[in-house]
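Spelled out, the chains give:
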Amino acid sequence: MKLSLGQKIDVEIDREDLELAPAYNYVIATWYHKGNPIYVELETNKTMIKEIWKVFDGNDRKSALFSIFRASEKKYIVEPTMVILNRQGRKGNDEKED
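Residues numbered from 1 in each chain as written. Predicted model: local features only at pLDDT ≥ 70, side-chain atom pairs only at ≥ 80, totals over all residues. Heavy atoms only, no water.

Asker: How would you sum up the sheet that holds strand β3 (residues 36-43)? Please name residues and give values.
Answerer: The five strands are arranged β3-β2-β1-β4-β5 in an open sheet whose pairing can be described as antiparallel. Of all strands in the sheet, those bounded by a partner on one side alone are β3 and β5 (76-80). Averaged over all neighbouring strand pairs, the angle between strand axes comes to 40°, with direction disregarded. (Pairing = 2+ DSSP bridges. Helix = DSSP H or I, 4+ residues; strand = E, 2+ residues; numbered from the N terminus. Axes fitted to C-alpha atoms, helices over the stretch in contact; angles between N-to-C directions.)

And the structure:
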């Protein structure tokens, strides 16, 4: 999967997959679509790899969630992100009318 200019994607990347990325020019990433995991080969470059490693430096995490935005032809903005789970209740069905 190659990001287009201006495209943003939220993915989970494992540290061990990142270690192999420079040799293959892609990293295996998990993209969650409507709660279902989809494994994609995310095309990388040196800038993206460098930015992702900044999040892993100084800790022993095995994986992390990232928001990756392609700002220009060679520049990627990589930021750690989080997932917020929201349980939506059924409106109107919980209350009984007299």
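Read on for the rest.
Asker: If you had to explain the nonpolar core to someone new, which residues and values would you point to?
Answerer: Nonpolar side chains in soluble globular proteins tend to end up buried together. Ranked by size, the top nonpolar core spans 20 residues in total, and within it I13, I52, F66 and I68 carry the most contacts. Elements with a minimum of two residues in this core: β1 (8-14), α1 (15-24), β2 (26-33), β3, α2 (46-56), β4 (63-70) and β5. Looking at this core element by element, the count peaks at five residues for α2. Excluding its chain neighbours within four sequence positions, the residues that come into contact with I68 are L3, Q7, K8, I9, V11, I13, L42, M48, I52, Y76, I77 and V78. (Core = buried A, V, L, I, M, F, W, Y, C linked by side-chain atoms within 4.5 Å. Buried < 20%, exposed > 50% of the residue type's maximum accessible area, 1.4 Å probe, protein only. Contact = heavy atoms within 4.5 Å.)

Asker: Account for the side chain of S67, naming residues and giving values.
Answerer: Assignment of secondary structure puts S67 in strand β4. At a separation of 3.0 Å, a polar atom in the side chain of S67 contacts the side chain of D10. Filtering out sequence-adjacent residues up to four positions away, S67 remains in contact with K8, I9, D10, I77, V78, E79 and T81. (Polar contact = N/O pair within 3.5 Å; in protein donor to acceptor, adjacent residues only side chain to side chain.)

Asker: Please set out the pairing of β5 residue by residue, giving values where relevant.
Answerer: Both β4 and β5 contribute to a ladder of five bridges, which runs antiparallel. When the sheet's bridge partners are listed, F66 is paired in β5 with P80. In sequence, β4 turns back onto β5 through a hairpin of five residues.

Asker: For the pairing of β2, give the residues involved together with the corresponding values.
Answerer: Taken together, the three bridges between β1 and β2 define a ladder with antiparallel strand orientation. Among the inter-strand pairings, E12 is bridged to a residue of β2, identified as T30. Two strands pair when backbone bridges link them, and β2 and β3 are joined in this way by eight bridges, in the antiparallel orientation. Paired with Y26 across the strands is E43, a residue of β3. Between the antiparallel neighbours β2 and β3 lie two residues, among them K34 with a positive phi of about 55°.

Just geometry here; none of it tells us what the structure is for.
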